[in-house]
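Structural overview for review
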Amino acid sequence: MKAIIILPTFNEAENLPKIVEAIMAHQNPRFNLLIVDDASPDGTGKIADQAVAQFPGQIEVLHRTKRRGLASAYIEGFKIALKNGADAIGQMDSDFSHNPDKLPEMLAALEDADIAIGSRYTAGGSVDVDWPIWRKFLSAFGNFYARTILRLPTKDITTGFRMWRRETLAAMPLDQIVSSGYIFLVEMVYVAHKLGYRIAEVPIYFADRKWGESKMNIKIQLEAAVRVWQAKFTHRNLGK
């Protein structure tokens, strides 16, 4: 099975070499990488090119000319991975908040599911023990809020750690996805659920980043809270 993992990057020069090494360390199964860099001013794109030379045939880089956002990076990456013959397509952060050692388990979960999600809120999942109480509350509440509005049984719909079957992702209406930021992650789960796809939750420990700066802030979270309703309205009739 050919599995391609998509890594969207913006200013991840400190993290990228380490995360690439960690993913490439897995040889059974073996993973390919598609790095989508949005013209990072810190030189992430050059580091990505060095990774291509270090692991020939396993890594591809998509250099974009400006910062266009998470949703755009993933959707463009999905289309390239499908074109390149991927049997499974993964998505994850580049900052070690998602443990690369969970990738084989995520891939194996596709034997009985259409999408495997790295879940912080299913049994066995957790978040960084050093997070302050307010951050743990905000994360859990934001997930509960979106889940409730969209009436989703999946416990963690805001996670960005996922693995898709080729057939599932190819049938998703990617050109109809309306979100441009982190709410894209919620919208994709909602659409998959409306289309009747089986979603498996693999418990993960979500660690805080060790290097670089987080892209998440309160403005992004407030915008996501509003755009949940946009996703619900846009796709409410799917699957009927």
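Up top is the structure these notes are about.
Model, not experiment: these values are computed from the prediction. (Residues numbered from 1 in each chain as written. Predicted model: local features only at pLDDT ≥ 70, side-chain atom pairs only at ≥ 80, totals over all residues. Heavy atoms only, no water.)

One ladder, built from five bridges, connects strand 2 (residues 31-37) with strand 3 (residues 59-63); its direction is parallel. Note on strand 3: the bridge partner recorded for V36 is L62. As a crossover connection, the stretch from strand 2 through helix 2 (residues 44-54) into strand 3 is right-handed. (Pairing = 2+ DSSP bridges. Helix = DSSP H or I, 4+ residues; strand = E, 2+ residues; numbered from the N terminus. Right-handed = clockwise from strand over helix to strand, strands pointing away.)

Think of it this way: side chains of opposite charge can pair up when their charged atoms draw near. For the structure shown, the criterion picks out eight salt bridges. Between R64 and D38 there is a salt bridge, and its shortest N-O distance comes to 2.6 Å. With R64 in the loop between strand 3 and helix 3 (70-83) and D38 in the loop between strand 2 and helix 2, this pair connects stretches of sequence that are 26 residues apart. As far as the burial class goes, R64 and D38 line up, both buried. (Salt bridge = Lys/Arg side-chain N within 4 Å of Asp/Glu carboxyl O. Buried < 20%, exposed > 50% of the residue type's maximum accessible area, 1.4 Å probe, protein only.)

The next subject is the environment of E12. Among the secondary structure elements, E12 is positioned in the loop between strand 1 (3-9) and helix 1 (16-24). With 25 residues separating them in the primary sequence, E12 and D37 have C-alpha atoms 9.2 Å apart.

Now for the sheet that holds strand 4 (residues 88-91). Within the open sheet, the seven strands sit side by side as 3-2-1-4-7-5-8. Their pairing is mixed. Sheet topology places strand 3 and strand 8 (199-203) at the edges, where each strand pairs with a single neighbour. The mean angle between the axes of side-by-side strands here comes to 20°, regardless of whether they run parallel or antiparallel. With four bridges joining them, strand 1 and strand 4 adopt parallel strand pairing. For I4, the partnering residue across the bridge sits in strand 4 and is I89. In the packing of helix 2 onto the sheet, the strands contacted are strand 1, strand 2 and strand 3, and the crossing angle to strand 3 comes to about 155°. (Axes fitted to C-alpha atoms, helices over the stretch in contact; angles between N-to-C directions. Contact = heavy atoms within 4.5 Å.)

Attention now goes to the side chain of D37. With respect to the helices and strands, the residue D37 is situated in strand 2. Summary of buried charges: D37 has no salt-bridge partner, and the nearest side chain of opposite charge, R64, is 8.6 Å away. Reaching out from D37, the side chain makes a polar contact with the side chain of S40 at a distance of 2.6 Å. Contact partners of D37, with chain neighbours within four places excluded, come to T9, F10, T44, G45, L62, H63 and R64. (Lys, Arg positive; Asp, Glu negative; His and termini not counted. Polar contact = N/O pair within 3.5 Å; in protein donor to acceptor, adjacent residues only side chain to side chain.)

Let us look at the environment of W164. Within the fold, W164 resides in strand 7 (residues 162-165). Look at W164 and you get buried, because its relative accessible area is 1%. Along the backbone, W164 and I199 are 35 residues apart, and their C-alpha atoms lie at a distance of 9.6 Å. Once residues within four sequence positions are removed from consideration, W164 is found in contact with F78, D87, A88, I89, Q91, L110, D114, I115, L169, M172, M188 and A192.

Further remarks concern a nonpolar patch on the surface. A cluster of nonpolar side chains, namely F137, F141 and F144, defines an oily patch on the protein surface of about 340 Å² accessible area. As for its placement among the helices and strands, F144 is situated in helix 5 (residues 133-150). (Patch = residues over 30% accessible without salt bridge, like charges linked within 9 Å, V, L, I, M, F, W, Y side chains within 5 Å. Areas by Shrake-Rupley, 256 points an atom, 1.4 Å probe, with all protein chains shown as cover.)

As a further point, take the packing of aromatic side chains. Under the definition given, this model contains six aromatic pairs. Ring geometry for Y74 against F184: centres 6.1 Å apart, planes inclined by 15°, an arrangement best described as stacked. Highlighted residues: Y74 in helix 3 and F184 in helix 7 (residues 183-194), separated in sequence by 110 residues. Classification of Y74 by relative accessible area gives buried; the value is 1%. In this structure, R67 is placed above the aromatic ring of F10, and the distance from its NZ or CZ to the ring centre is 4.0 Å. In this structure, R120 is placed above the aromatic ring of F206, and the distance from its NZ or CZ to the ring centre is 5.3 Å. (Phe/Tyr/Trp six-rings, centres within 6.5 Å; stacked < 30°, edge-to-face > 60°. Lys NZ or Arg CZ within 6 Å of the ring centre and 35° of its normal.)

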